[in-house]
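For reference, the chains in residue letters:
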Amino acid sequence: MVRENAFPQSVRRYGLLGLLGVVAFLSSLIVVHLTSPQIDWMRDYVSNLANEPFGLVFVGSVFVHGWGNLAIALGLRGALRPGRLRNRAVLLFGFAAVGILLAALFPIDPPGHTPTTIGRLHRTFASATFMLELAAVFVFSIVFRHDRRWHRQQSVSMVLSTTAAIALMAFVIAIQIDLAPGLAERVALAVLLVWEILVCIQLIRPKS
């Protein structure tokens, strides 16, 4: 028995590309962390991996992740009913994806070095990316409620959105008081990556 896909083939391709981007990023995190035992998970930001011996692997995966998220934005555009909220969510997520690409293009300053313009740009793009993606996830959660094909995902999406908001607030506080900012960043990033993975699975799944 042949099972049909819930969405058109083009949407499924976007979902697969998005999933590829997330998997590539996660794989590079594991590889670079394993080859950089001096990295302090509690204090060092994820972006600092770009300055490690296998930093180019990490930077390359960030680019793949950024393009993958652009694919997710296009996939969601084709998988959701047209409307203003959908369009806003897609734009927000698309801008966040561009932010990932720009953050990779301008690497963070190595720890202990004098801040540079490139390093400041990285922090600006990285911060904007977090906020834009969080906003997009919240808006998508509202949009899911009004589309029967996504109705089951709405509750999970809203829980992840709220969790991501709390995690990002904790990240900001951790930076201000200098208490485990690296760990706080990883938690916030992990929540958003889980949302991306679940959305990609929804985009490529067959009909029930």
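Scroll up to find the structure this text is about.
Anyway, here's the lowdown on the structure attached to this text. (Residues numbered from 1 in each chain as written. Predicted model: local features only at pLDDT ≥ 70, side-chain atom pairs only at ≥ 80, totals over all residues. Heavy atoms only, no water.)

**Notes on the overall build of the protein chain**
Across its full length, the protein chain carries six helices and zero strands. Listing every helix and strand of the protein chain by position from the N terminus yields α-α-α-α-α-α. Expected size for 208 residues packed as a compact globule is a radius of gyration near 17 Å; at 17 Å, the protein chain falls within 12% of this value. Reported as C-alpha extents along the three principal axes, the dimensions of the protein chain are approximately 55 × 30 × 25 Å. Going through the 208 residues of the protein chain one by one, you find that 45% of them count as buried. Counting contacts in the protein chain only where the partners sit at least 6 residues apart, residues at least 24 apart contribute 73% of the total. Across the protein chain, the centroid of the 18 positively charged side chains sits 18 Å from that of the 10 negatively charged ones. (Helix = DSSP H or I, 4+ residues; strand = E, 2+ residues; numbered from the N terminus. Rg over C-alpha atoms; globule rule 2.2 N^0.38 Å. Buried < 20%, exposed > 50% of the residue type's maximum accessible area, 1.4 Å probe, protein only. Contact = heavy atoms within 4.5 Å. Lys, Arg positive; Asp, Glu negative; His and termini not counted. Charge placed at Lys NZ, Arg CZ, Asp CG, Glu CD.)

**What about the environment of Leu74?**
Here Leu74 lies in helix α2 (residues 55-79). A sequence separation of 56 residues divides Leu74 from Gly18, and the C-alpha atoms of the two residues are 9.8 Å apart.

**What about helix α1 (residues 9-34)?**
Compared with the 38 Å implied by 1.5 Å per residue over 26 residues, the 37 Å span of α1 between its first and last C-alpha is a close match. Turning to α1, its buried residues are Val11, Gly15, Gly18, Gly21, Val22, Phe25, Ser28, Leu29, Val32 and His33. Buried-residue contacts for α1 involve α2 and α6 (181-204). (Expected span 1.5 Å × (residues − 1).)

**Quick look at the pattern of salt bridges**
With the rule as written, the count across this model stands at two salt bridges. With its nearest N and O atoms 2.8 Å apart, the salt bridge here joins Arg43 to Asp178. Of the two residues, Arg43 sits in the loop between α1 and α2 while Asp178 sits in the loop between α5 (151-177) and α6, which places them 135 residues apart along the sequence. Here Arg43 falls in the partly exposed class, since its relative accessible area comes to 40%. Salt-bridge contacts for Asp147 lead to Arg149; the nearest nitrogen and oxygen are separated by 3.3 Å. (Salt bridge = Lys/Arg side-chain N within 4 Å of Asp/Glu carboxyl O.)

**Points about α5**
Think of an α-helix as 3.6 residues a turn; residues three or four steps apart then line up on the same face. Look at α5: 40 Å from first C-alpha to last across 27 residues, which is about the 39 Å you get at 1.5 Å a residue. Of all the residues in α5, the buried ones are Gln154, Ser157, Leu160, Ser161, Ala164, Ala165, Ala167, Leu168, Phe171 and Ala174. Considering only its buried residues, α5 is in contact with α4 (117-145) and α6.

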